[in-house]
Amino acid sequence: MSVSSLHDNHPVQAAEQSGLQGLEMTSGRVVPPDGGYGWVVVMSAFFIMGLTAAVLKNFGIFFLDIQSHFGVQTSTVSWITSTTIAMFLLGAPAASALTIQFSQRVVIIVGGLLAASGMLLASLDLSLPWLYLTMGILQGTGISFSWIPANSMVSHYFVRWRPIAYAIASSGECVFVIIFSPLFQWLIDTYSWQGAFLIIGGLQLNLCVCGALMRPLNTVQSPNQETKDNLEVDASTLPPKTKLFFHFNLLRKPEFLLYILFAIFAAAGIFIPPLFLVPFASSLGMDEYWPASILSILALADLAGRLICGWIANMRLLRNLQLLTMVVTLLGVVLLLLPISHNYWSILLFSSLYGFFFGCVVATHVTTIVDIVTLDGFDGGLGLFMLFRSIGGFMGPPAAGWLVDQMNDYSVSFYLSGLCLASSAVFVALVDRLVQRR
């Protein structure tokens with residue numbers, strides 16, 4: 001369904017509007033309802049996170065099977081996940097553009113079709129380059145087109161409860177990782193990894209259902225809405241490409257540029273552990289279901305981190321940027337210490353700590369963009385953030401895979417990850433200082 005005007009008196013549109021209690025017009029804009037139908041949006045986003053990010057985080061379960069099937073090096077298989085991550089992040093500006101042109105609902109449905117098609121076609125097992133195309137490009141683009149608009153909807157429906165609403169929505173990733181980790185291992189054992197891909201593709205078609213529930217929150221464009229620089233242009237009369245061009249004005253903000261550097265370094269490190277944790281545990285001689293159980297426990301800790309950190313952020317005990325600096329630093333330290341583990345329980349301990357602090361980072365790093373560029377620049381800021389983040393996401397896993405091949409030790413992948421994350425915390429601290437000076 002297309003986005004309708006708030007001024008329209010059509011009976012169907014009026015019925016939809018009746019659910020948006022507390023909506024008011026202020027300065028030509030709709031005030032977010034901070035509840036009501038917004039909680040339906042949160043639950044829809046919850047399932048979208050689970051059917052996208054949780055699937056991506058469980059790619060490590062398939063790693064050794066695919067490597068054995070094709071008989072290739074670790075770094076070669078790593079390019080599958082790396083391509084998926086890169087397309088997920090590179091697709092963000094396109095997802096933001098299409099959201100502005102059409103609606104979040106339309107883009108999420110298209111993303112669901114792309115993601116499901118990617119997994120269904122990957123199950124054909126034609127070749128390794130075929131997996132780069134299907135699992136990498138199609139699946140990554142589909143995840144991006146579903147994930148970005150879902151986050152956008154949550155941010156636009158809430159103000160006072162935004163941190164906790166986003167924490168609840170993002171926790172869908174954790175809940176589904178808990179479910180998917182043993183499920184995917186069972187599917188591999190029962191139907192092979194090709195059959196597992198086929199079933200996962202069918203599950204991802206439910207993204208289209210979640211997208212249909214994303215009712216657009218209509219806004220009336222004001223002349224100065226697109227950027228904080230008060231451009232004296234009526235944005236509503238401009239073609240979509242011109243409006244998107246104005247989002248690049250955000251790059252003039254030094255604090256946003258530093259936040260982009262944080263995104264690059266953090267992405268280089270944060271996507272490595274989920275890919276190499278299962279192979280690392282398997283290299284210590286653990287049975288195949290024990291490493292999968294580590295991912296489930298990690299996801300529980302991740303869920304706790306998101307909810308607790310979201311609650312802390314909502315109480316305003318610390319500035320969002322202060323909180324983010326702390327948890328990113330601790331995440332880097334935990335990953336640097338993780339390789340000292342040599343049995344199931346020590347790996348479980350460090351994996352739980354990793355999951356908790358990872359959840360804290362996820363709960364704050366997107367909503368913090370609003371503190372830097374304001375809500376008016378959020379959609380464009382999120383798109384640019386994800387675009388530049390793709391640099392780190394694309395290079396991190398293959399670099400870790402290359403180190404593993406050279407050293408014949410999975411531990412080096414965690415050293416690289418921890419170093420990247422600890423370095424990224426420096427940029428967040430600098431952003432906080434600049435924002436406080438404004």
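Source: prediction; values computed, not measured.

Across its full length, the chain carries 17 helices and two strands. Relative to its full complement of 438 residues, the chain shows a buried share of 58%. Sequence separation of 24 or more characterises 83% of the internal contacts of the chain that already satisfy a separation of 6 or more. Carbon and sulfur atoms make up 68% of the accessible area of the chain, which amounts to about 16,800 Å² in all.

A residue-level look at the chain finds 85% of positions with pLDDT of 70 or above and a mean pLDDT of 81. Within the chain, the lowest mean pLDDT, 38, falls on strand β1 (residues 25-26), and the highest, 95, falls on helix α5 (residues 104-122). Here residues 1-28 is a poorly scored stretch, pLDDT under 50, and it has 40 contacts once near neighbours within four places are set aside; other chains count.

Helix length check: helix α14 (residues 344-365), at 22 residues, gives a terminal C-alpha distance of 31 Å against a target of 32 Å (1.5 Å per residue), a fit within 8%. Summarising burial for α14: 18 of the 22 residues are buried, a large majority. Of the residues flanking the start of α14, the one acting as N-cap is N343, its side-chain oxygen 3.1 Å from the backbone nitrogen of W345.

On to the pattern of salt bridges, then. On inspection of all chains with the given rule, the structure shows five salt bridges. A salt bridge links D302 to R306, with the shortest nitrogen-to-oxygen separation between them at 2.7 Å. In this pair, D302 and R306 are both assigned in helix α12 (residues 289-315), four residues apart and thus about one turn of the helix distant. Among the residues examined, R306 registers a relative accessible area of 0% and is labelled buried. Put simply, K57, E173, D302 and R306 are held in one network by salt bridges that share partners.

We now examine the state of the cysteines. Summed over the entire model, instances satisfying the criterion amount to zero disulfides. C208 takes part in no disulfide bond, and the closest cysteine sulfur, belonging to C210, lies 9.1 Å away. A residue is classified by how much of its surface remains accessible, and C208, at 17% relative accessible area, is buried. Cysteine C309 remains unbridged, with the sulfur of C360 as its closest cysteine sulfur at 4.1 Å. Note on C309: relative accessible area 2%, which makes it buried.

Each value, and the rule that gives it
Residues numbered from 1 in each chain as written. Predicted model: local features only at pLDDT ≥ 70, side-chain atom pairs only at ≥ 80, totals over all residues. Heavy atoms only, no water. Helix = DSSP H or I, 4+ residues; strand = E, 2+ residues; numbered from the N terminus. Buried < 20%, exposed > 50% of the residue type's maximum accessible area, 1.4 Å probe, protein only. Contact = heavy atoms within 4.5 Å. Areas by Shrake-Rupley, 256 points an atom, 1.4 Å probe, with all protein chains shown as cover. pLDDT = per-residue confidence, 0-100. Expected span 1.5 Å × (residues − 1). Polar contact = N/O pair within 3.5 Å; in protein donor to acceptor, adjacent residues only side chain to side chain. Salt bridge = Lys/Arg side-chain N within 4 Å of Asp/Glu carboxyl O. Disulfide = S-S within 2.5 Å.

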